[in-house]
Structures are given as structure tokens and as C-alpha cells.
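Now for the letters of each chain:
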Amino acid sequence: MTAEIIDIRQNRERALARASTVLSEGFPIALPTETVYGLAADATNPAAITRIYETKGRPRFNPLICHVADFAMAERYAEFDPISRKLAEAFWPGPLTLILPLRAGSGIHALATAGLDTVGIRIPRGFAGELIRVLDRPLAAPSANTSGKVSPTSAAHVAEDLGEKLQLILDGGAAPVGVESTILRVEDGAVRMLRPGGVAGEEIERITGLPLIRAEGPVAIIEAPGMLASHYAPTAAVRLNASHVEPGEALIRFGDTPITGIEPATAVFDLSPSGDLAQAAANLFDYLKRADASGAKRIAIGPIPNEGLGEAINDRLARAAAPRE
Ligand code: TXA
Ligand code: MG
């Protein structure tokens, strides 16, 4: 099988029709969201969800995010406390996932939530939301990559990794945010960040007026995304906070931070020459893949400020650099 690729910018109606057919038959499709490309399937259909886990080679105890079209639809599946509601109003549609109590008997299958009594919910921006509205079913969707690998931010990334395993890939161009959604859980009036992502921590604190509770270091609990330490991993090794490039390395830098020994690098990428963290997030996964493809034995990464979207970037890089199994 080789996936059919439909460009939604040119063939929106055909993309909607084909996607609806494949999803209704219980098969996953790859589709663009504003964060990364997702591997989406009907969250109420156990066979369809099983195919997501099989296609990714993903452990089944790691629950999936369920995507809905609007707030009314979210309320069919989850119970909102006042703080979660405020966050949803501020950031949806957008790169925020809320972990909420699952409404019993709502139809989301236990395979999507890994049997938990909570569900991760978000409303994606753009085409994915439109498709869900047409289907009127929640779509479970992890990133559309083999488990443990770098997440895809283009249809070409998906085709390269999973093209032989899928019927349909929808192409919406480069994902504008470039890192996955921020995952939050509100408990006893406090907001915990389970995964930094496309909404900056500072923005969340500004909306709630509450300090975010952050996990310390790479989070190892099952709730935490990317849950295993090594994740988002290219084939080459990854070295962080580099101020010097060593022989055989590719370099990914951020802005004008001084770095020496650049000439022999197998490839050099600047995440954002102007030092813009949002641009850096949008380029991150593509540059990791390209640095990997340059034949480097290791990828050296220059320092990146740990504020705003830098928190999500540094989280992904720490996982990419973590010891491999
Ligand atoms: O931006 C995104 O969030 C992308 C796009 C496709 O929407 N999706 C994504 O999904 O990153 P995934 O499966 O790679 O990451 C979802 C994470 C999982 O690691 C899981 O641990 C966490 O969300 N999660 C999902 N449901 C949960 C729940 N009920 N409780 C705690 N964590 C949950
Ligand atoms: Mg993922």
C-alpha cells in the first residue's frame, strides 16, 4: 500500500470526502494540525484505535488525545471545572490539550484513554476541526510518526515514515506551530503542566493568574507525554548546549549565540536568525530530520533560552538527547 496524498489547499472538498470515507471504514489517516501532523482515527471505534497503535508501534498504555470540533462537542465527552473552561475559552481552537474527567458512557472508547477515567481533549485549528465537524465524531490522534521518532511537521515527513502503512495523507503545508500542544491538568484549583508545548507557560499563567506547577526534569510518570525518556529521537546522537562543533557533527543553532568550529560541520541550520522562539519551534523537527540526513554521527545543538516556546523546544531536545535503550 502506498498512501494517496491529497493537498487540502487545492482539493478541500475531495479531501473532506476521502477522509470521511476512510475514517468511517475504521482506518486511520494522516492529517495536518497547527502543531504537528496527526495520525487520526475515530475515537469511538476500537478497531480504528488499535490501528493507530499498530501503525505507530506505540505502547497501548499511553493514552491518545481526542480532538473535537467545538466546545459543545468537548462537553459531550468531558467535564469542565471553571479554570479548565477559562483555559479552553482563551486558547481553543489552538495548541492546548486539557486532561479532564471523562463523561461516563460518552462513547470515547477505553482504548483511546488507555482505560483512564480522564480524557485528553483539544480543538485543533483549521482543516482538522472542519473535518471533525463533518464527521461529528471525536478523532483520536497522536503525532503521525513511528513511536519514539521525531514528529512530522509536513506531509513529506509523514510519507517518508508511514507512507507504506497508510491509505491517505492530507497535505496542508508546513505545520505553523511545529511542536505539539501544551498539556495541562487542573486539580484542586491548581494548574499542572504535563507537557510544555505550543502555548507558552507565561501565557497560561496570565490567563489563570495562577503559577503553573511544572514537572521537574524529564517526567517519568505515565501521564507524561513522550513518557519514555528517549523520544523525538533522530538516528544521530544529540548533544545539547554546544558552544563548539566537533568533527562529524551537524549544527543546529539559535540566532547569534557564538559557536566556534563551524566550518567542518556536515550541515548548519539556524532555527531563527532573528532569535524568534515561535519561528524556532516551527523549524525544529524539520531541521532535526535534515541534520540527521546530512550524515552526521552527532547533532550539536546551540543554547536556546528556556522561556516562552523555548520551554517546549528544550523539552523535545532533552528527550532527543536522552540515553537510548
Ligand atoms: O499537538 C498535539 O498534541 C498532537 C496533535 C496531533 O494534536 N498530538 C500529540 O499526541 O502530541 P501524542 O499522542 O503524541 O501525545 C499525547 C500525550 C501522550 O503522551 C499522553 O501521555 C498524554 O497526551 N495524554 C493523553 N491522554 C491523557 C490522559 N487521559 N491523562 C494523561 N495524559 C494523557
Ligand atoms: Mg508524539
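Structure's up top.
Reading guide: rules and limits
- Residues numbered from 1 in each chain as written.
- Chains lettered and ligands numbered in written order.
- Predicted model: local features only at pLDDT ≥ 70, side-chain atom pairs only at ≥ 80, totals over all residues.
- Heavy atoms only, no water.
- Helix = DSSP H or I, 4+ residues; strand = E, 2+ residues; numbered from the N terminus.
- Expected span 1.5 Å × (residues − 1).
- Bend = angle between axes of the 7 residues up to and from the residue.
- Buried < 20%, exposed > 50% of the residue type's maximum accessible area, 1.4 Å probe, protein only.
- Contact = heavy atoms within 4.5 Å.
- Salt bridge = Lys/Arg side-chain N within 4 Å of Asp/Glu carboxyl O.
- Near = heavy atom within 4 Å.
- Polar contact = N/O pair within 3.5 Å; in protein donor to acceptor, adjacent residues only side chain to side chain.
- Areas by Shrake-Rupley, 256 points an atom, 1.4 Å probe, with all protein chains shown as cover.
- Nonpolar A, V, L, I, M, F, W, Y, C, P; charged D, E, K, R; others polar.

This next bit is on helix H9 (residues 277–293). Taking 1.5 Å of rise per residue, 17 residues should cover 24 Å, and H9 covers 24 Å from first to last C-alpha, within 8% of that figure. Where H9 bends most, at Leu284, the angle is about 45°. When H9 is considered as a whole, its buried residues turn out to be Leu277, Ala280, Ala281, Asn283, Leu284, Phe285, Tyr287, Leu288, Ala291 and Asp292. Residues of H9 that are buried make contact with strand E13 (249–253), strand E14 (268–270), strand E15 (298–301) and helix H10 (310–321). Looking at the residues trailing H9, positive phi occurs at Gly295, about 90°.

Once that is clear, we can look at the pattern of salt bridges. What the rule picks out here adds up to 22 salt bridges. Arg133 is the salt-bridge partner of Asp70, the closest N and O atoms lying 3.0 Å from each other. Taken together, the positions of Asp70 in the loop between strand E4 (65–67) and helix H3 (71–77) and Arg133 in helix H6 (residues 127–135) put the pair 63 residues apart, joining distant regions of the chain. Close ionic contact of Arg298 with Glu246 constitutes a salt bridge, the shortest N to O distance being 2.7 Å. One end of the pair, Arg298, is in strand E15; the other, Glu246, is in the loop between strand E12 (237–239) and E13, with 52 residues separating them in the sequence. A cluster of three or more residues bridged by salt bridges with shared partners is formed by Glu180, Asp315, Arg316 and Arg319.

Here we take up the site of ligand 1. Among the 27 residues in the neighbourhood of ligand 1, the closest are listed as Thr35, Arg58, Asn62, His67 and Ser181. Here an oxygen atom of ligand 1 sits 2.9 Å away from a polar atom, N or O, in the side chain of Asn62. Separating an oxygen atom of ligand 1 from a side-chain N or O atom of Ser181 is a distance of 2.5 Å. Out of a free accessible area of 680 Å², ligand 1 has 98% covered by protein chains. Only E4 and strand E6 (118–122) provide two or more residues apiece to the shell around ligand 1. Here the shell around ligand 1 takes four residues from E6, the largest share from any one element. Among the residues making up the shell around ligand 1, the classes are represented as 13 nonpolar, nine polar and five charged.

Worth remembering: the numbers are spatial, not functional.
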